[in-house]
Amino acid sequence: DAGIRQFWIEHCIASREIGAYFGRELGSTAVTNLWIPDGYKDTPVDRLGPRQRLQDALDQVFAQPLDPAHNLDAVECKLFGIGSESYVVGSHEFYLGYASSRQKLLCLDAGHFHPTETIADKISAVLLYVPELLLHVSRGVRWDSDHVVTLTDELQAIMQELVRGNFLDRTHIGLDFFDASINRVAAWTIGTRNALRALLVALLEPIDQLRQLEAAGDFTARLALLEELKGLPFGAVWDHYCQQQNVSVGYAFMAEIRAYEEKVLANR
């Protein structure tokens, strides 16, 4: 329906303008991310038509240039969704092509791919073709379930790739998770601290030494050093960093959250 599609095109145009307003007023660039859950539950006959319409709609959405100091545009792909198990219009291939051809940010969501895939492996590949990345750091359990981020191997691999590839200046790290079964403030705190801890672990790596071993073909020593790094006390560095920032060290943040829950949340 052309009228419905035009409504959403105008909605996206307005969203970009709102993002630019935020960026201008706050003095911090906003990233306006676009994700559309179009697709089919069962196998379609025409895979091309919806993608042609989406490409045309996106071109209309992004037709008006905005100051990149205020707003950056990102597009987000997905493997499948509820009700679109067999076909998603905005697949990874579609949005990689669109972002690279229009020089938009590509959004990689940790929960939007096959469970055996990791977005860490995609970062260096796509940054050859797109200017910047938006990451949705999440934790999927069997599907795109957006669990609170924990200090998993996948999270550490993502942060390691950003540091090892010197991609931090070209990457916007967003956290994408929710869990109504636990305190929302605690969920935000736990997830954010884990993202920062994973980044710290990556920053503490002796990357120059690791690169030298790899370049020399000494993969045995590279493996040995990588395994030794897993036992180093990064927690002491993390605690020191928290002290420098005047925030709770270790588990102590839970006492502050419980106090906030009793004094503020319970009275709402």
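Residues numbered from 1 in each chain as written. Predicted model: local features only at pLDDT ≥ 70, side-chain atom pairs only at ≥ 80, totals over all residues. Heavy atoms only, no water.

Enquirer: What exactly am I supposed to notice about the pairing of strand 5 (residues 105-109) here?
Expert: Each regular strand displays side chains that alternate between the two surfaces of the sheet. Taken across its five residues, strand 5 has five buried, putting it largely inside the fold. Burial along strand 5 is two-sided: Leu105, Cys107 and Asp109 facing one way and Leu106 and Leu108 facing the other are all buried. Sheet topology places strand 3 (residues 71-76) next to strand 5; three bridges connect them, and they run parallel. Looking across to strand 5, one finds that glutamate 76 is bridged to cysteine 107. (Buried < 20%, exposed > 50% of the residue type's maximum accessible area, 1.4 Å probe, protein only. Helix = DSSP H or I, 4+ residues; strand = E, 2+ residues; numbered from the N terminus. Pairing = 2+ DSSP bridges.)

Enquirer: Just to check I follow, could you spell out the pattern of salt bridges for this structure?
Expert: Between side chains of opposite charge, a pair can form when the charged atoms approach closely. Taken as a whole and assessed by the stated rule, the structure comprises ten salt bridges. Taking the shortest distance from any N to any O, the salt bridge between lysine 41 and glutamate 85 comes out at 3.3 Å. Of this pair, lysine 41 sits in the loop between strand 2 (39-40) and helix 2 (48-61) while glutamate 85 sits in the loop between strand 3 and strand 4 (87-88); the two residues are 44 residues apart in sequence, bridging distant segments of the chain. Overall, glutamate 85 belongs to the partly exposed group, its relative accessible area being 34%. Where aspartate 208 meets arginine 211, a salt bridge forms, and the shortest distance between an N and an O atom there is 3.8 Å. Taken together, the positions of aspartate 208 and arginine 211, both in helix 7 (residues 207-215) and three residues apart, correspond to about one turn of that helix. You can call aspartate 208 exposed: its relative accessible area is 52%. With relative accessibility at 41%, the residue arginine 211 sits in the partly exposed group. What you see here is one network of salt bridges that share partners, running through Arg16, Asp73 and Lys104. (Salt bridge = Lys/Arg side-chain N within 4 Å of Asp/Glu carboxyl O.)

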